[in-house]
Amino acid sequence: MPVTDNNQNSGGSFGRGAESAKGPIIPKSPTEALRPERVPAPPRRSRKARSQLVIFLNFLMTILVAVCALAVAGFFYAMSVYQGPGPLETNTNFVVRSGAGLAEIANSLERNGIIADARIFRHVTSTYLNDGESLKAGEYEIKAQASMKEVMELLKSGKSILYSISMPEGLTVKQMFKKLIDDPVLEGDLPAELPVEGALRPDTYKFSRGTKRSEIISQMTAAQTKLIDQIWERRDPDLALKTKEEFVTLASIVEKETGKDDERAHVASVFLNRLAKGMRLQSDPTIIYGLFGGDGKPADRPIYQSDLKKETPYNTYVIKGLPPGPIANPGRAALEAVAQPWKTKDLYFVADGTGGHIFAATLEEHNANVRNWRKMEAARGEDPGAAVDAQPESDPDAVTVKKKKN
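Residues numbered from 1 in each chain as written. Predicted model: local features only at pLDDT ≥ 70, side-chain atom pairs only at ≥ 80, totals over all residues. Heavy atoms only, no water.

**A closer look at the overall build of the chain**
In step 1: Along the backbone of the chain there are 13 helices and six strands.
In step 2: Counting over 406 residues, the chain shows a buried share of 38%.
In step 3: Restricting to contacts in the chain with at least 6 residues of sequence separation, those with at least 24 account for 66%.
In step 4: As displayed, the chain has an accessible area near 24,100 Å², and 55% of this comes from carbon and sulfur atoms. (Helix = DSSP H or I, 4+ residues; strand = E, 2+ residues; numbered from the N terminus. Buried < 20%, exposed > 50% of the residue type's maximum accessible area, 1.4 Å probe, protein only. Contact = heavy atoms within 4.5 Å. Areas by Shrake-Rupley, 256 points an atom, 1.4 Å probe, with all protein chains shown as cover.)

**Some thoughts on the environment of Ile327**
In step 1: Relative to the helices and strands, Ile327 resides in the loop between α11 (284-292) and α12 (332-339).
In step 2: Its relative accessible area of 3% is what places Ile327 among the buried residues.
In step 3: Setting aside chain neighbours within four positions, we find Ile327 in contact with Thr172, Glu197, Ser252, Ile253, Lys256, Pro285, Thr286, Tyr289 and Tyr314.

**Digging into the layout of surface pockets**
In step 1: There is about 330 Å³ of room inside the second largest pocket.
In step 2: Lining the second largest pocket are 19 residues, with Val196, Ile228, Lys244, Glu245 and Val248 sitting closest to its centre.
In step 3: Elements that contribute at least two residues to the lining of the second largest pocket include exactly α8 (213-233) and α9 (244-257).
In step 4: For the lining of the second largest pocket, the class distribution of residues is eight nonpolar, six polar and five charged. (1 Å grid on protein atoms, 1.4 Å probe; cavity = no way out; pocket = protein on both sides within 12 Å on 5 of 7 lines; lining within 4 Å. Points joined across faces, edges and corners; volume = space filled by probe spheres on them. Nonpolar A, V, L, I, M, F, W, Y, C, P; charged D, E, K, R; others polar.)

**Some remarks on the packing of aromatic side chains**
In step 1: Under the criterion given, the structure shown has seven aromatic pairs.
In step 2: Feature note: the residues Tyr82, Phe121 and Tyr128 constitute an aromatic cluster, connected by ring pairs.
In step 3: In this arrangement the basic side chain of Arg235 is found over the ring face of Trp232, its NZ or CZ atom lying 3.8 Å from the centre. (Phe/Tyr/Trp six-rings, centres within 6.5 Å; stacked < 30°, edge-to-face > 60°. Lys NZ or Arg CZ within 6 Å of the ring centre and 35° of its normal.)

**Remarks on the nonpolar core**
What tends to happen in soluble globular proteins is that the nonpolar side chains get buried as a cluster.
In step 1: Judged by nonpolar contacts, the single largest core of 26 residues is most densely connected at Leu241, Phe247, Phe271, Leu335 and Val338.
In step 2: The element best represented in this core is α9, accounting for six residues.
In step 3: Ignoring anything within four residues of it in the chain, the contact list for Val338 reads Leu239, Leu241, Phe247, Leu250, Ala251, Val254, Ala268 and Leu272.
In step 4: Phe94, Ile120, Phe121 and Leu135 belong to the second-largest nonpolar core, a separate cluster that totals 25 residues. (Core = buried A, V, L, I, M, F, W, Y, C linked by side-chain atoms within 4.5 Å.)

**Concerning the pairing of strand β6 (residues 357-360)**
In step 1: As judged from the four bridges shared by strand β5 (residues 348-351) and β6, these two strands associate in the antiparallel manner. Bridging across to β6, Ala351 finds its partner in His357.
In step 2: Where β5 folds back onto β6 in an antiparallel hairpin, the turn is made up of five residues, including Gly353, whose phi is positive at roughly 85°. (Pairing = 2+ DSSP bridges.)

**Some remarks on the pattern of salt bridges**
In step 1: Under the defined criterion, the tally for this structure stands at 17 salt bridges.
In step 2: Lys178 is paired through a salt bridge with Asp182; the nearest N and O atoms lie 2.8 Å apart. Taken together, the positions of Lys178 and Asp182, both in helix α7 (residues 173-182) and four residues apart, correspond to about one turn of that helix.
In step 3: A salt bridge links Lys244 to Asp229; the shortest N-O distance between them is 2.7 Å. Linking Lys244 in helix α9 with Asp229 in helix α8, this pair joins segments that are 15 residues apart in sequence.
In step 4: Under the relative-accessibility criterion, Asp229 is labelled partly exposed at 30%. (Salt bridge = Lys/Arg side-chain N within 4 Å of Asp/Glu carboxyl O.)

**What about the side chain of Ser269?**
In step 1: Examined against the element boundaries, Ser269 turns out to sit in helix α10 (residues 264-276).
In step 2: Residue Ser269 is classed as buried on the basis of its relative accessible area, which comes to 1%.
In step 3: Here Thr344 takes part through its side chain, which lies 2.9 Å from a polar atom of the side chain of Ser269.
In step 4: Apart from the residues lying within four places of it in its own chain, the contact partners of Ser269 are Pro341, Trp342, Thr344 and Asp346. (Polar contact = N/O pair within 3.5 Å; in protein donor to acceptor, adjacent residues only side chain to side chain.)

**A short note on α11**
In step 1: Every buried residue belonging to α11 is among Asp284, Pro285, Thr286, Ile287, Ile288 and Tyr289, and all of these are buried.
In step 2: In this structure, the buried side of α11 is in contact with α9.
In step 3: Where α11 terminates, the next one or two residues include Gly293, which has phi positive at roughly 65°.

**A short note on the environment of Lys159**
In step 1: Turning to its location among the elements, Lys159 is positioned in the loop between α6 (148-157) and β3 (162-166).
In step 2: For the pair Lys159 and Ser208, spaced 49 residues apart in sequence, the C-alpha to C-alpha distance is 9.3 Å.
In step 3: Apart from the residues lying within four places of it in its own chain, the contact partners of Lys159 are Tyr140 and Leu154.

**Focus on α6**
In step 1: Those residues of α6 not exposed but buried are Met148, Val151, Met152 and Leu155. Taken down its axis, α6 places every buried residue within 100° of arc, on the same side.
In step 2: In this fold, the buried residues of α6 make contact with α3 (52-83), β1 (92-96), α4 (102-111), α5 (118-128) and β2 (138-142).
In step 3: Of the residues one or two after α6, Gly158 is the one with positive phi, at around 75°. (Arc of directions from axis to C-beta.)

This is the structure:
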């Protein structure tokens, strides 16, 4: 019985095939031993993995991730620029014209060196504006190094630089129109047709650059209408005036007669008393309006004795009752004085030499006051007879001597 060699089965294997002891050892020639062995082929990819659709979707996913990454990076960059200090070195004024869109405003801001990038301003600002919101027209003061966000908030707020124009009491419509024409900030033409005298409210009006002159006129008209209606509703129930037109006409005369608040209601009572007695008002400002209209009297032109007798529809030395319309635009104080006049018996008043007037209920008192006034004027070297009758006053329609309000 042959002897089994245990060493032969357990550990004596050698050569390239020695890794496995499962089969018999097959001797190889040196050439075969040196020949490279065939590497097993990798496992075949599944048909699903080899699909063109999957490959395309993978590509799209890669692109999407890249785009998102760029978008996030771009957003943070844009926001840092939008909220960071701007390039403006000194404070400057910037005008947004009426009707300008966001793109136009952004480009103009960049051209003026206020912002660094119009595209960033335009796109980011659009995200801050809700439906119906916009950047408002006007002139704005932009602070040095203001960020785009600060610029946007300022233009969105509409807090533009405000200018003002003052219309003193007692100006005519023509005189108010001239002030509007001469204002260099206001824009646009004036209406071809003038409003009626007395229809514009004297006041100070604020506006931003680019405001139309017609807009200011509309404000003045609406404000005066509202004021007249309010005061007329609160008038003295015993007031003899029948209409608002008469009310405004007399208020315009009171406005031109005196600039002192504390005597307007007294002056109003004199004119109302004269109307009640059928006396002529004999108001110098009505002579001036009859002669020169809304243009006003030249500063170097006195009222002559002959002017008192010139027949015009407004000369209350000639006509009885009120003139056909106002002679100026009265303010609140004059309107309230006529609506709530003092209760007096006075029929005359004359200048007292200090800017006010002395009142009298009788012709005798009035003549004495006139004589005193003439003495004061003569002492100052002025001509007291330029605007008054040189003869003694003796009739019920005696001239009421006064200082004219400029």
